[in-house]
Amino acid sequence: MWGSYSISGSTTQRTNHHAVSSSVHTGVKSLAVIIGLTAALAVAAAAPATTPVHGQVGALKAIRLALAAGRIDGATANAGRAEIARAAHLVRTLPSGRREHVAVALGELAAFSGRLTAPRAHALIGQLQANDDYFARHYAPAVQTDVTDADGLVYRYFPGLCLEFHPLANFGALNARVAENDAEGAQRLADALIARGVYQQGGGTAWEYFFDYSGGRAPWLSGMAQAVAAQAFARTAALVPDEATTFMREARAAYRVIPGRLLTSVAAGPWIRLYSFQSLQVLNAQLQAVLSLQSYATAAEDPDAAALAARMQRAAAATLPSFDTGYWTYYALPHEPSPLDYQQYVVQLLKKLGPDDPRFADAATRIGAYQRQPPAFRIANASLGAVRFWLSKPATVQLNTAAGPTKRLALGDGWHTVAWPEPKRPGLYPVHVTAADWAGNRSSFDALPIVRATAAGTATAARKTAGSTKASGATFAVGAALADPSQGAALQKLGLRLARIGVTWPPGATVPDPGLGAALLRLPAGLGTVVELNTTPLPTDDAARAALAQYAALLAQQTPGLQSLVLAPAPTTATATSYAAAFGQMRAAVQAVLPDVEIGLLLDGAQSPQKTLTTLGAITPDVVAFHPAPAAGKGLWTTAELPQLKATLEAVNGSEPAILLDGPTAPSAALISSLACGNQVAGVLLDQLNQATAPVAAAAAAAQRGALICPGTAAEVQATGLAYPTFAQTPLAVQFGCDVDCLYLVTLDGPDGRPVVARRGALRGGAAPATVTLPAATLGAGPYRVGVRLVASANPGRVTTLESPALG
């Protein structure tokens, strides 16, 4: 990871692992000026002989052999010798921390003995002078600082090396000059780069890197740099018309190297080689190469380049999911995480490609959000003295516990186990975990305590009573409309928890038809039922409203598992007054006999919803069944307007009732997951049972159990069906369930409050209560109490702590 540049022309310096990047202009002279200084430096060269420094002999040999072979001229040779002499003097006289970098630059020139050509000589002698000039006055700069010379050439600092001639940085700088409309500066830099371009045996011109990197031996090339070079020269041709022919020729020469040498492939098509010596698939390199080649192909009217760019764009779009973890991105495949600055750069590139392909636009939005989301966790039981957790993205994690020293770890995504020596003293040792990702987002949770029991120790498994899964107090549920109550078994088999039943009120009726009551009894136990009571037309007088209220109260009593009774049809501004009056009487009648039944408002997002709510006034519904508009429009509300719906309900009613998303237009697993994590709705009701496809049902099941990973959410567990033992006789058994997937720790605590025995385990959210039996132990005089501690398996927050009364 060594840098990249945006096609916009504004130089975007990339850094490696968050290194500071800066630009320093040292006033380094061009090679022509070096030649002018040769006479002055000849005095130093002719001084009495001293022992050569490392690299000096090799560098001089490189100059001699290149001159003898006719690959460089005498002026270049003289300039090279003078700069070598100067470098040797600096190596001898500079303090440590400065001389080493000059020595590296000298050694890189020496490494080309027998291979030095005119372009390489310009590059390596110029690089040597840049290092001589800089380190004669400075210590090493920050990592990847860019230093420019009088021509605008860029030399980038790498720790342990020197200021290195950097092709990608240089062509990024050339793009920047063009973007600034700096014709003189662009021409000067372009000319200097042309002088340093190396003709390739297969045709074309390439700009080389002269340092070993990541297993690659110098000289090596970069496909990304070549693509930006083609773009930058083509743009310079347009800015400097007098030299357009020359610069466009160089643009074509830069591109020519790519198809033959600098492509690899993935299943979906060609992929740019960021490094010529590797087939590493790097996302930012591919995206930037696509943009640069598109720009070049348009300017140069090169159909082959345009076709290659299109193929590479399709390959990038198809491969995007492989780079996306769902919480962060990979810099390179298979699993190298992106530093923050590279991820930000990728988002910029995706936005540029977004207009051509919605996959890029969607990815830009999604990946951009990762930079604002805190790390998320999933936890599992571990051995004694350990905490085991899954981390959603790279982060620095700190674990604090009285069981041992604080641990601070730099961790990648995935599962991790952190352990301390087993505590010597019996007791409960809380564990607090915090994490900060590379963008500075933070999250934390409390793990179940580490336990040292006084008797039998800690067990890790639990015996559970048999029982069927049933709905619990979970805050999110998914269901579907049933054409007939007999479909309830099929709905339940899919794992859905809500059944929506439509009932039509016969105008004036006060008692439901007996056949309706019999049909409702076919609903299976364990389902939550939502009845939409259709009252078309709405009653407009007191007698009709009283009849409706009486009918609704009896219907509620005949409906198994009734959770909500929703008045339909949805009101409009024209019917709001009648709706509000009928709603009020119906709620009073139903809740007089069944106070826990929610009375709901049906709101149609396609029927001026904001005006309707304002006209209705403060009817304070317990729940709102919101039917979103199928598409966005003026005065319409889709699922995107859920925050506006909540704000309007709060403003009109002074409270925020629960919202059921009733009949989303295109239900999908992604929508279910997004709604469950968004904490904006209490559940989703599908319009048809057949919309509960396998992916939708799977997402619904995970959402209802609280098993989805939702960054920024800290779940707290509610116990269900909790029953403590009455007497302190071992083995003791406790019965309870969890509303979401949870881990538990059950302890029998002695008179001193310390655990005598303990057992850990896990429970599935919403399942029937389980019986957890503690290990047997010999008990002395009491009193004893049972402690139950629960923590969510996904998105853990605080530990829920419960304690029994003193046992007899």
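In what follows, the accompanying structure is described. (Residues numbered from 1 in each chain as written. Predicted model: local features only at pLDDT ≥ 70, side-chain atom pairs only at ≥ 80, totals over all residues. Heavy atoms only, no water.)

**Observations concerning the overall build of the protein**
No. 1: Helix and strand counts for the protein come out as 22 helices and 33 strands.
No. 2: The globule rule puts the C-alpha radius of gyration for 808 residues at 28 Å, and the 36 Å found for the protein is more than 25% above it.
No. 3: Taken along the three principal axes of its C-alpha coordinates, the protein extends 115 × 75 × 40 Å.
No. 4: Burial status across the protein gives 53% buried among its 808 residues.
No. 5: The long-range fraction of contacts in the protein, counting pairs at least 24 apart against all pairs at least 6 apart in sequence, stands at 68%.
No. 6: Carbon and sulfur atoms make up 53% of the accessible area of the protein, which totals about 31700 Å².
No. 7: A gap of 9 Å separates the mean positions of the 60 positive and 52 negative side-chain charges of the protein. (Helix = DSSP H or I, 4+ residues; strand = E, 2+ residues; numbered from the N terminus. Rg over C-alpha atoms; globule rule 2.2 N^0.38 Å. Buried < 20%, exposed > 50% of the residue type's maximum accessible area, 1.4 Å probe, protein only. Contact = heavy atoms within 4.5 Å. Areas by Shrake-Rupley, 256 points an atom, 1.4 Å probe, with all protein chains shown as cover. Lys, Arg positive; Asp, Glu negative; His and termini not counted. Charge placed at Lys NZ, Arg CZ, Asp CG, Glu CD.)

**Remarks on the sheet that holds strand β12 (residues 386–391)**
No. 1: A sheet is described by the order of its strands in space; here three strands give the open sequence β11-β12-β15, paired in antiparallel fashion. Each edge of the open sheet is held by one strand with a lone partner, namely β11 (377–380) and β15 (414–419). Strand-to-strand twist across the sheet, computed as the mean angle between neighbouring axes with direction ignored, equals 25°.
No. 2: Two strands pair when backbone bridges link them, and β12 and β15 are joined in this way by six bridges, in the antiparallel orientation. Residue pairing for β15: A386 is matched across the bridge by A419. (Pairing = 2+ DSSP bridges. Axes fitted to C-alpha atoms, helices over the stretch in contact; angles between N-to-C directions.)

**Topic: the pattern of salt bridges**
No. 1: Per the counting criterion, the structure on display carries 18 salt bridges.
No. 2: With its nearest N and O atoms 2.6 Å apart, the salt bridge here joins D324 to R366. Taken as a pair, D324 in the loop between α12 (303–323) and β9 (330–332) and R366 in helix α14 (residues 358–370) lie far apart in primary sequence, 42 residues in all.
No. 3: As a salt-bridge pair, D687 and R500 come within 3.2 Å of each other at their nearest N and O atoms. In this pair, D687 is assigned in the loop between β26 (683–686) and α22 (694–705) and R500 in strand β20 (residues 498–504), connecting sequence segments 187 residues apart.
No. 4: Residue D687 is classed as partly exposed on the basis of its relative accessible area of 31%.
No. 5: Among the residues examined, R500 registers a relative accessible area of 12% and is labelled buried. (Salt bridge = Lys/Arg side-chain N within 4 Å of Asp/Glu carboxyl O.)

**So, the sheet that holds strand β22 (residues 562–568)**
No. 1: Taken together, the eight strands give a closed barrel; going around it, the order is β19-β20-β21-β22-β23-β24-β25-β26, and neighbouring strands pair in parallel fashion. The sheet shows a mean angle of 25° between the axes of neighbouring strands, direction not considered.
No. 2: Sheet analysis places β20 next to strand β21 (residues 528–534), joined by seven bridges and oriented parallel. By the bridge assignment for β21, V503 is matched with L533.
No. 3: In the packing of helix α17 (residues 542–558) onto the sheet, the strands contacted are β20, β21 and β22, and the crossing angle to β21 comes to about 160°.
No. 4: The strands touched by helix α18 (residues 576–593) within the sheet are β21, β22 and β23 (598–604), with β23 carrying the most contacts at an inclination of about 155°.

**Comments concerning helix α8 (residues 183–195)**
No. 1: Along its 13 residues, α8 runs 18 Å from first to last C-alpha, staying within 8% of the 18 Å computed at 1.5 Å per residue.
No. 2: On its buried face, α8 is in contact with β4 (163–165), α7 (167–179), α9 (223–239) and α10 (244–261). (Expected span 1.5 Å × (residues − 1).)

**Here we look at the state of the cysteines**
No. 1: Under the criterion given, the structure shown has two disulfides.
No. 2: In this model, C677 is linked to C710 through a disulfide, with the two sulfur atoms separated by 1.9 Å. What sets the handedness of the C677 and C710 disulfide is the S-S torsion sign, and at about -70° it is left-handed. Here C710 lies in the loop between α22 and β27 (719–723) and C677 lies in helix α21 (residues 669–678), a separation of 33 residues in the sequence.
No. 3: Under the relative-accessibility criterion, C677 is labelled partly exposed at 23%.
No. 4: A relative accessible area of 8% means that C710 is categorised as buried.
No. 5: Across the disulfide from C738 sits C742; the S-S distance is 2.0 Å. Where C738 bonds to C742 through sulfur, the torsion about that S-S bond is close to 65°, and the disulfide is right-handed. (Disulfide = S-S within 2.5 Å.)

**As for unusual backbone geometry**
No. 1: Between L333 and P334 the backbone carries a cis peptide bond, its omega angle lying at 10°.
No. 2: Structurally, P334 is set in the loop between β9 and β10 (336–337).
No. 3: That bond from T536 to P537 is cis: its omega, -5°, falls within 30 degrees of zero.
No. 4: Relative to the assigned elements, P537 resides in the loop between β21 and α17.
No. 5: Of note in the backbone geometry, N181 takes a positive phi value of approximately 60° without being a glycine.

**So, the pairing of strand β16 (residues 427–437)**
The side chains of a regular strand alternate, first on one face of the sheet and then on the other.
No. 1: Where strand β13 (residues 395–401) meets β16, seven bridges bridge the pair, whose relative direction is antiparallel. Each residue of the ladder has a partner; that of Q398, found in β16, is T434.
No. 2: In terms of strand pairing, β16 meets strand β17 (residues 442–452) through nine bridges, oriented antiparallel. Bridging from a neighbouring strand, G427 pairs with R452 of β17.
No. 3: Connecting β16 to the next strand, β17, in antiparallel fashion are four residues, including G440 with a positive phi near 90°.

**Some words on α18**
No. 1: Its 18 residues place the ends of α18 26 Å apart at the C-alpha level, agreeing with the 26 Å of an ideal helix rising 1.5 Å per residue.
No. 2: Along α18, the positions that sit buried rather than exposed are A576, Y579, A582, F583, M586, R587 and V590. Axial view of α18: buried residues confined to an arc of 135°, hence all on one face. Facing away from the buried side of α18, by more than 90 degrees, are the exposed residues T577, A588 and A592.
No. 3: Packed against the buried residues of α18 are β21, α17, β22, β23 and α19 (609–616). (Arc of directions from axis to C-beta.)

**With respect to the packing of α12 against α14**
Any two packed helices are characterised by the angle at which their axes cross and by the distance between the axes.
No. 1: Axis separation between α12 and α14 bottoms out at 10 Å; the angle between their running directions is 45°. The angle between α12 and α14 falls in the class oblique. Seen from above, α12 lies across α14 with left-handed handedness. Note on element contacts: α14 touches α12 through R359, F360 and A363, opposite Q313, A316, A317, A318 and L320.
No. 2: A breakdown of the residues in the contact of α12 with α14 according to their chemical character gives six nonpolar, one polar and one charged. (Parallel < 35°, antiparallel > 145°, perpendicular 65-115°, else oblique. Left-handed = near helix turned anticlockwise from the far one by under 90°. Nonpolar A, V, L, I, M, F, W, Y, C, P; charged D, E, K, R; others polar.)

**With respect to the packing of α7 against α8**
No. 1: In the contact formed by α7 and α8, the axes pass within 9 Å of each other and the chain directions differ by 155°. Overall, the two elements α7 and α8 adopt an arrangement that is roughly antiparallel. Both α7 and α8 take part in a crossing whose hand is left-handed. Where α7 abuts α8, its residues N170, F171, A173, L174, R177 and V178 lie against G185, A186, R188, L189, A190 and L193.

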